[in-house]
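One letter stands for each residue in the lines below.
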Amino acid sequence: MEASYKIYKIRCSYRYFINYTYIVSNLISKECFIIDPSWELDKIIAILQYENLNLKAILLTHSHIDHTNLVKPLADMLKIKVYISKAEAEETGFSVNNLILVGHLDKLHIAAADVICILTPGHTMGSMCFYLNGHLFTGDTLFYEGCGLCRDRARAGNMFESIQYLKTNIPENTKIYPGHCYGMPPGQFLYNLINNNIYFWIHDKNKFIDFLLNLDNKKIFDFK
């Protein structure tokens, strides 16, 4: 991303949920967009006001409540557009005012930033990552320590394909911003994940599925 942009990494929590919300701001125009606004509205509004930011849009990686619970308040308050994948909206029925449905490799131009939408099914069938020059927002598709839960073999197979796609198509010097962090802070390079995240090491699809679902059953990790 050009130096004229800033990423605000906002740790938001509610009970046992801990999520990361991200604001991407144009330092010149002060226009910005927010990714997966969750839980702490006062914290988000405080940043917008303190930094004098003009929020133009909401981007959603998927429709789970811990990534979307502030969408309606923000959209209604500021009358802004909300973007989510067409596949996610069709499967879940997610709906809000000013909703715009996007597909794989659609390009958005928001706050003078070019955003590429990347469909990455697995955790949900419509999960989507958002790529800006050198930065990837992954929601619950990809964490530093693992990947999002998948409820059955079909979706675990989708997750395998999604991770392989990211590994093949995203530059290794891209910074990764997950929806949850279980140790390392947001902004780690993709090459660190490729070297340290075990899900990048499994190249056989069936072995990947077995491993992912077995980890879930044994509760070795609890990636929500």
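Presented here is an overview of the structure given in this document.

Basis of the calculations
- Residues numbered from 1 in each chain as written.
- Predicted model: local features only at pLDDT ≥ 70, side-chain atom pairs only at ≥ 80, totals over all residues.
- Heavy atoms only, no water.
- Helix = DSSP H or I, 4+ residues; strand = E, 2+ residues; numbered from the N terminus.
- Rg over C-alpha atoms; globule rule 2.2 N^0.38 Å.
- Buried < 20%, exposed > 50% of the residue type's maximum accessible area, 1.4 Å probe, protein only.
- Contact = heavy atoms within 4.5 Å.
- Areas by Shrake-Rupley, 256 points an atom, 1.4 Å probe, with all protein chains shown as cover.
- Lys, Arg positive; Asp, Glu negative; His and termini not counted.
- Charge placed at Lys NZ, Arg CZ, Asp CG, Glu CD.
- Pairing = 2+ DSSP bridges.
- Axes fitted to C-alpha atoms, helices over the stretch in contact; angles between N-to-C directions.

## Some details on the overall build of the chain
Summing up its helical and strand segments, the chain has 7 helices and 12 strands in all. Taking 224 residues into account, the globule formula puts the C-alpha radius of gyration at 17 Å, and the chain, at 17 Å, falls close to it. When the 224 residues of the chain are sorted by exposure, 53% land in the buried category. By sequence separation, contacts in the chain at least 24 residues apart represent 57% of the contacts at least 6 residues apart. Accessible area for the chain stands at about 10,300 Å²; split by element, carbon and sulfur atoms hold 52% of it. Averaging the coordinates of the 22 positive side-chain charges in the chain and doing the same for the 22 negative ones gives two points 2 Å apart.

## Notes on the sheet that holds strand E2 (residues 17-26)
Spatial ordering of the open sheet is given by E1-E2-E3-E4-E5-E6, a layout of 6 strands whose pairing is mixed. In this open sheet, the two strands that pair with only one neighbour each are strand E1 (5-14) and strand E6 (99-102). Going across the sheet, the axis of each strand differs from the next one's by a mean of 25°, ignoring polarity. In the sheet, strand E5 (residues 81-85) pairs with E6 via 4 bridges, with the strands oriented parallel. Residue pairing for E6: isoleucine 84 is matched across the bridge by leucine 101. Each of E1, E2, strand E3 (31-35) and strand E4 (54-59) touches helix H1 (residues 41-50); the most contacted strand, E1, lies at about 160° to it.

## Structural notes on unusual backbone geometry
Residue arginine 15 is not a glycine yet carries a positive backbone phi of 55°. Tracing the sequence through the fold places arginine 15 in the loop between E1 and E2. Positioned with a positive phi, aspartate 36 is a non-glycine residue whose angle comes to about 55°. Within the secondary structure, aspartate 36 sits in the loop between E3 and H1.

All quantities given are derived from atomic positions and should not be read as evidence of function.
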